[in-house]
Amino acid sequence: MLFGGTPFELNRLMLIRIVMAAVLIALMALAFRSPKLVPRGLQNVAEYGLVFVREQICFEVLGKETGKKFFPLIASIFFAILFLNFSSIIPFLNISSNARIGMPLVLAIVAYVAFNYIGIKKYGFWKYMRSSIVVPNVPPAMHVLLIPIEFISTFVLRPFTLTVRLMANMLAGHIMLVLFFSATQFFLFDGAAWMKGLSPFSLVGGFAFTLFEMLVIFLQAYVFALLTAVYIGLAQHADSH
């Protein structure tokens, strides 16, 4: 849509990402441009969101001391996913950029690098790897089976499931909304006369699914941030396998 034929060309999905990122930055800047001791209005909403991430994700999973340390990372992931997902129900945008694999993959890589860096920094590379994949107190012969399973589970499936879970849920929601509202348009304008009576049902179904999609939007941000915190906690305590 912009700068076609150059290394900086932007398609519709990239523009949506930029728009939603700009909205997030602008709202946070407005909320905290002159913070009050007793928050009101936009500051109150923003603080409620930040407190939720801090208390219900960071402190709940990592404890207060560690949770404070990693709060900026986990909060950034949570709000990035939340705002990028919201474009799926905004008129004229109509799709979450997380419904394509690019952005979920980037976020999963950020989480992957973070928890592995934390584990390696604390234990050193070899001790961290050994602690992560070697299950203690099992017969030696079992290691032949368990080590590959633990390696795949920790270092392959974690980023894979983070990526696919987010992308698949947002893509499925997008497809369902397209089906409901496309069906409404077809029944009203393109279908046979008797089909017009079906349009209210598909329209109501579309609005109902939009409400459900709002729940999914929040849940996907919460689950991704929660799992990131869980993986950080596991990396910090890799020797307690």
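Check the entry above for the structure.
Below is a summary of the structure that appears in this document. These numbers were taken from a predicted model, which means no experiment stands behind them. (Residues numbered from 1 in each chain as written. Predicted model: local features only at pLDDT ≥ 70, side-chain atom pairs only at ≥ 80, totals over all residues. Heavy atoms only, no water.)

### Here's the deal with unusual backbone geometry
Point 1. A positive phi angle, close to 75 degrees, is found at F92, a residue other than glycine.
Point 2. Mapped onto the secondary structure, F92 falls in the loop between helix 2 (41-86) and helix 3 (102-123).
Point 3. Of note, N94 is a non-glycine position whose phi angle comes to about 65 degrees, a positive value.
Point 4. With respect to the helices and strands, the residue N94 is situated in the loop between helix 2 and helix 3.
Point 5. For N94, a relative accessible area of 42% puts it in the partly exposed group. (Helix = DSSP H or I, 4+ residues; strand = E, 2+ residues; numbered from the N terminus. Buried < 20%, exposed > 50% of the residue type's maximum accessible area, 1.4 Å probe, protein only.)

### Structural notes on the packing of helix 5 (residues 143-190) against helix 6 (residues 199-236)
Point 1. Where helix 5 meets helix 6, the closest approach of the two axes is 9 Å, and the angle between their N-to-C directions is 170 degrees. Between helix 5 and helix 6, the crossing angle belongs to the class labelled roughly antiparallel.
Point 2. In terms of residue class, the contact of helix 5 with helix 6 is made up of 20 nonpolar, 11 polar and 3 charged. (Axes fitted to C-alpha atoms, helices over the stretch in contact; angles between N-to-C directions. Parallel < 35°, antiparallel > 145°, perpendicular 65-115°, else oblique. Nonpolar A, V, L, I, M, F, W, Y, C, P; charged D, E, K, R; others polar.)

### Considering a nonpolar patch on the surface
Point 1. Nonpolar side chains collect at one region of the surface, where V19, V23, L27, L30, L42 and V45 lie side by side and expose about 450 Å² of accessible area between them.
Point 2. Of all the secondary-structure elements, those providing two or more residues to the nonpolar patch are helix 1 (12-31) and helix 2.
Point 3. Position of V23 among the secondary structure elements: in helix 1.
Point 4. Relative accessible area serves as the criterion here: at 33%, V23 is assigned to the partly exposed category. (Patch = residues over 30% accessible without salt bridge, like charges linked within 9 Å, V, L, I, M, F, W, Y side chains within 5 Å. Areas by Shrake-Rupley, 256 points an atom, 1.4 Å probe, with all protein chains shown as cover. Salt bridge = Lys/Arg side-chain N within 4 Å of Asp/Glu carboxyl O.)

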